[in-house]
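Below are the chains, spelled out letter by letter.
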Amino acid sequence: MDDLSGHLRTVMRITFFFLSVCFIGWALLPEYKPLFGGLILGAVASLANAFHLSWKVRQVGAYAAAGVKKRGNLGFLTRACIGLLAAVLAERYFSFSLYGTVAGLFVAQLATLILGFIAKRNSAVRHSTDERGENN
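Residues numbered from 1 in each chain as written. Predicted model: local features only at pLDDT ≥ 70, side-chain atom pairs only at ≥ 80, totals over all residues. Heavy atoms only, no water.

Structural notes on the overall build of the chain
- When you go through the chain residue by residue, the secondary structure sums to five helices and zero strands.
- The helix and strand sequence of the chain, counted from the amino end, reads α-α-α-α-α.
- Sorting the 136 residues of the chain into buried and exposed places 29% on the buried side.
- When contacts within the chain are restricted to residue pairs at least 6 apart in sequence, long-range pairs at least 24 apart make up 69% of them. (Helix = DSSP H or I, 4+ residues; strand = E, 2+ residues; numbered from the N terminus. Buried < 20%, exposed > 50% of the residue type's maximum accessible area, 1.4 Å probe, protein only. Contact = heavy atoms within 4.5 Å.)

Right, here's the structure in full:
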């Protein structure tokens, strides 16, 4: 992934589209409000995790480029705590569906995975064997 900020922007747009669908579901289907509320809370936590991971990747890259010997990690504990906080908020304070919250936690990660597959496919199409003159 050469353009991290561009991919993060696209993940943010996909997550906002997902959130808008969830808000429409919240408004139109009142019997499923706990499910949609959990999806919304989980998707917001997922987007926060994506931003945190992006910040940590940039930080580790800057350390590597500067030659700093600081041990860089990607902050798994912080991201796990954000997910746990979303689950506790959903269950204890808002009475949202825990299943919906857990499902919403995967929204940004799934968007990133799909974007990665698309980027890989597009780079494979651009770099065919014909460009190097092997089939000429």
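Brief notes about the packing of aromatic side chains
- In the structure shown here, the tally under the stated rule is two aromatic pairs.
- For the pair Trp26 and Phe96, a centre-to-centre distance of 5.8 Å together with 85° between the ring planes defines the contact as edge-to-face. With a gap of 70 residues between them, Trp26 in helix 1 (residues 4–28) and Phe96 in the loop between helix 3 (76–93) and helix 4 (98–104) connect regions that are remote in the sequence.
- Residue classification places Trp26 among the partly exposed residues on the basis of a relative accessible area of 27%. (Phe/Tyr/Trp six-rings, centres within 6.5 Å; stacked < 30°, edge-to-face > 60°.)

Structural notes on the UniProt feature "transmembrane region" (unreviewed entry) in the chain
- As annotated in UniProt, the feature "transmembrane region" (unreviewed entry) corresponds to residues 12–29, 35–53 and 96–118 in the numbering used here.
- Secondary structure content for residues 35–53 is 100% helix and 0% strand, and the end C-alpha separation is 27 Å.
- Structurally, residues 96–118 is divided into 83% helix and 0% strand, and its ends, taken at the C-alpha atoms, are 34 Å apart. (UniProt positions renumbered as here; feature names shortened; annotations may be inferred.)

Remarks on the side chain of Ser54
- With respect to the helices, strands and loops of the structure, Ser54 is situated in helix 2 (residues 33–66).
- With relative accessibility at 7%, the residue Ser54 sits in the buried group.
- Setting aside residues up to four positions removed in sequence, Ser54 forms contacts with Leu4 and Leu8.

Overview of a nonpolar patch on the surface
- A surface patch of nonpolar side chains, amounting to about 580 Å² of accessible area, comprises Leu98, Val102, Phe106, Leu110, Leu113 and Phe117.
- Per-element accounting of the nonpolar patch gives the leading share, three residues, to helix 5 (residues 107–126).
- If you trace the backbone, Val102 turns up in helix 4. (Patch = residues over 30% accessible without salt bridge, like charges linked within 9 Å, V, L, I, M, F, W, Y side chains within 5 Å. Areas by Shrake-Rupley, 256 points an atom, 1.4 Å probe, with all protein chains shown as cover. Salt bridge = Lys/Arg side-chain N within 4 Å of Asp/Glu carboxyl O.)

What to know about the packing of helix 1 against helix 2
- With their axes 9 Å apart at the nearest point, helix 1 and helix 2 run at an angle of 170° to one another. For the element pair helix 1 / helix 2, the angle class is roughly antiparallel. (Axes fitted to C-alpha atoms, helices over the stretch in contact; angles between N-to-C directions. Parallel < 35°, antiparallel > 145°, perpendicular 65-115°, else oblique.)

Looking at the side chain of Lys56
- One can find Lys56 in helix 2.
- Each residue touching Lys56, except ones within four places of it in the same chain, is listed here: Asn73, Leu74 and Gly75.

A word on helix 3
- Across its 18 residues, helix 3 extends 25 Å between first and last C-alpha, which sits within 8% of the 26 Å expected from 1.5 Å per residue.
- Residues Gly83, Ala86, Ala87 and Ala90 constitute the buried set of helix 3. Buried residues along helix 3 cover an arc of 95° about the axis, so they all sit on one side. Turned more than 90 degrees away from the buried face of helix 3, the exposed residues are Leu77, Leu84, Arg92 and Tyr93.
- Taken together, the buried residues of helix 3 touch helix 2 and helix 4.
- Positive phi shows up at Ser95, right after helix 3, with a value of about 55°. (Expected span 1.5 Å × (residues − 1). Arc of directions from axis to C-beta.)

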